[in-house]
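Structural overview for review
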Amino acid sequence: MRWDVFCRVVDNYGDAGVCWRLARQLAREHGFDVTLWIDRVATLAKIEPAIDPRPARQVHRGVTVAALDARAGDAVTGAVRAAADSAGAAFDPGDVVIEGFGCGLPARYLDAMEARKHPPLWINLEYLSAEPWVDGVHGLASRHPQRPLTRYFWFPGFTAKTGGLIREAGLIEARDAAQREHSHAWPASGEHAAAGRADGAAPVSFAAPELSIVLFCYANRALPALFDLWARGDRPMRCIVPEGIASAELAGWLGSAVPPAPRRLTRDRLTIEWRPFTSQDAFDRLLWASDVNFVRGEDSFVRAQWAAKPFVWQPYPQEGRAQAAKLEAFLARHLPDASNPSQQAQRRLMRAFDAEDPAGVARAWPGFHAALESAGARAREWAATLAGEPDLVTQLVEFARTKL
Ligand code: TRH
């Protein structure tokens, strides 16, 4: 089967991140001939460094990456435009076309779909939501208003009635292996502090081990309150910040411009470590090794759940804080026990962080920190439950086979 995946980068990295992960898995695990049509190849190159942002077409990890020429309005790639102009040919659609997040297919591509004896299976990949209504709309079809084409709506989700979550083969095993190895290298408790000093004298103080945090969030007015808490805390804190993230808040808190990555800077008990963006695989490994992960949007949010570590999710900010409903829907699934103190502490911090409420975050962090052990247990239990469901691509391929 030939698959075409279309992606237009709205902003940030998640559109490219999700579509790239999907395309890779279709090629690698199912051997399909997959083309990812994407308008901003440079955004993809930021999270897949081996991609070159310049050529109109390139093959990487079994996927053909074709540049969509957004300037043309109906978005044909330079190479395809040349072919179409010279031979009058248009796009040659695959058997399945995935329209990423309702990005819109080029008019010439739709023409070519119509011209095929059997039009391709057209699937619109929707944004992930934990909201209950998703169960009722996943998999529905709708006729195109002007063309004899049908489009199916694929809703990722957390239940068996949705299209599932992206989870490539071997992910859980790789995570478990890395975390087993890491736990040897990283004592879970404070043993290393009790190891005493080189001169054999008794340990100076039974310091708690450093807490490592990955901070991948949107601009957030509550951040300086967190940095203050972490700097004045009773244990060393290491906060790993991808380049460009939370720059304004960090510059304000430091009182100086944020240094270019890679750099490390310590203030009291808080060490901030700026790192360049890494590949998606390396970012996963960072999430697996960290004690707490602040994540955002959609793809890092899912990857933090697979990492099975305590996490704080900042949903993509929307008009009138509509994202708060998405957060509540997720909390109702992930942390449903109103009487459980640990789940309550996690809910409080996520709500305060999403609301960008400095006082709320300052009140919520100590309870969240105290509940880390049980939050970790809940994260592992949640990841195991989700891993028991068929993954999104497996379901997508099965669906395609029934329709073609
Ligand atoms: O970058 P985002 O904010 O993308 C957002 C969301 O997807 C949101 O749902 C969507 O509406 C909006 O785009 C248009 O957050 P997200 O979804 O976590 O995507 C980040 C991607 O970047 C993810 O695939 C992980 C990847 N990444 C790396 O590969 N390496 C890195 O070093 C970092 C920091 C991220």
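The structure under discussion appears in the preceding block.
A brief look at the structure comes next. It should be emphasised that the depicted structure is a prediction, and the values quoted were computed from it without experimental measurement. All residue numbers here refer to positions counted from 1 along the written sequence of the relevant chain. Restriction of local features to residues with pLDDT of at least 70 applies here, the model being predicted, together with a cutoff of 80 or more for giving and counting side-chain atom pairs; totals for whole chains, interfaces and linings are based on all residues. Side-chain descriptors were evaluated using all non-hydrogen atoms of the structure, hydrogens and water having been removed beforehand.

Another point: the site of the ligand. Residues are labelled near a given molecule or strand when at least one of their non-hydrogen atoms is within 4 Å of it. In the region of the ligand, 23 residues are neighbours, and Gly14, Tyr218, Thr278, Asp299 and Ser300 sit closest. Polar contacts here mean pairs of N or O atoms no more than 3.5 Å apart (in protein, one a potential hydrogen donor and the other a potential acceptor; neighbouring residues in sequence count only if both atoms are side-chain atoms). Between an oxygen atom of the ligand and a main-chain N or O atom of Gly14, the distance comes to 2.8 Å. With respect to the ligand, the side chain of Ser300 contributes an N or O atom lying 2.6 Å from an oxygen atom. Protein chains bury 97% of the 700 Å² of accessible surface belonging to the ligand in isolation. Only DSSP runs of H or I with at least four residues qualify as helices, and only runs of E with at least two residues qualify as strands; both kinds are numbered from the N terminus onward. Looking at the shell around the ligand, the elements that each hand over two or more residues are helix 1 (14-30), helix 10 (280-289) and helix 11 (299-307). For the shell around the ligand, the leading source of residues is helix 1, giving three residues. In the scheme used here, Gly and all other residues not listed as nonpolar or charged are polar, with Ala, Val, Leu, Ile, Met, Phe, Trp, Tyr, Cys and Pro taken as nonpolar and Asp, Glu, Lys and Arg as charged. Partitioning the shell around the ligand into residue classes produces 10 nonpolar, eight polar and five charged. Composition of the shell around the ligand by domain shows at least three residues from each of domain 1 (2-165 + 389-403) and domain 2 (171-186 + 205-387). The Shrake-Rupley method, run with a 1.4 Å probe sphere, supplies the accessible areas, and residue values consider only the shown protein chains as cover. An automatic or database domain assignment supplies the residue ranges for each domain.

For the rest of this paragraph, the subject is the packing of aromatic side chains. Here the aromatic set is Phe, Tyr and Trp, taking the six-membered ring for Trp, and pairing holds for ring centres within 6.5 Å; pairs whose planes are under 30 degrees apart are stacked, those over 60 apart are edge-to-face, and all others are tilted. Applying the stated rule across the entire model yields 28 aromatic pairs. Relative to Trp253, the ring of Phe227 lies with its centre 5.5 Å away and its plane at 55°, an arrangement referred to as tilted. Here Phe227 is found in helix 8 (residues 223-231), whereas its partner Trp253 is found in helix 9 (residues 247-254), with 26 residues between them in sequence. Pair check on accessibility: Phe227 and Trp253 agree, each one buried. Members of the aromatic cluster, joined through ring pairs, are Phe227, Trp230, Trp253, Phe294, Phe353, Trp365 and Phe368. Consider the ring centre and the ring normal. A charge sits over the ring if Lys NZ or Arg CZ is within 6 Å of that centre and within 35 degrees of that normal. The side chain of Lys46 reaches across the aromatic face of Phe277, ending 4.8 Å from its centre. Of note, Arg267 hangs over the ring of Trp253, and the distance from its end group to the ring centre comes to 5.0 Å. Any residue under 20% of the maximum accessible area for its type is buried, any over 50% is exposed, and the rest in between are partly exposed; the area is computed with a 1.4 Å probe on protein chains only.

Keep in mind these numbers describe shape, not what the thing actually does.
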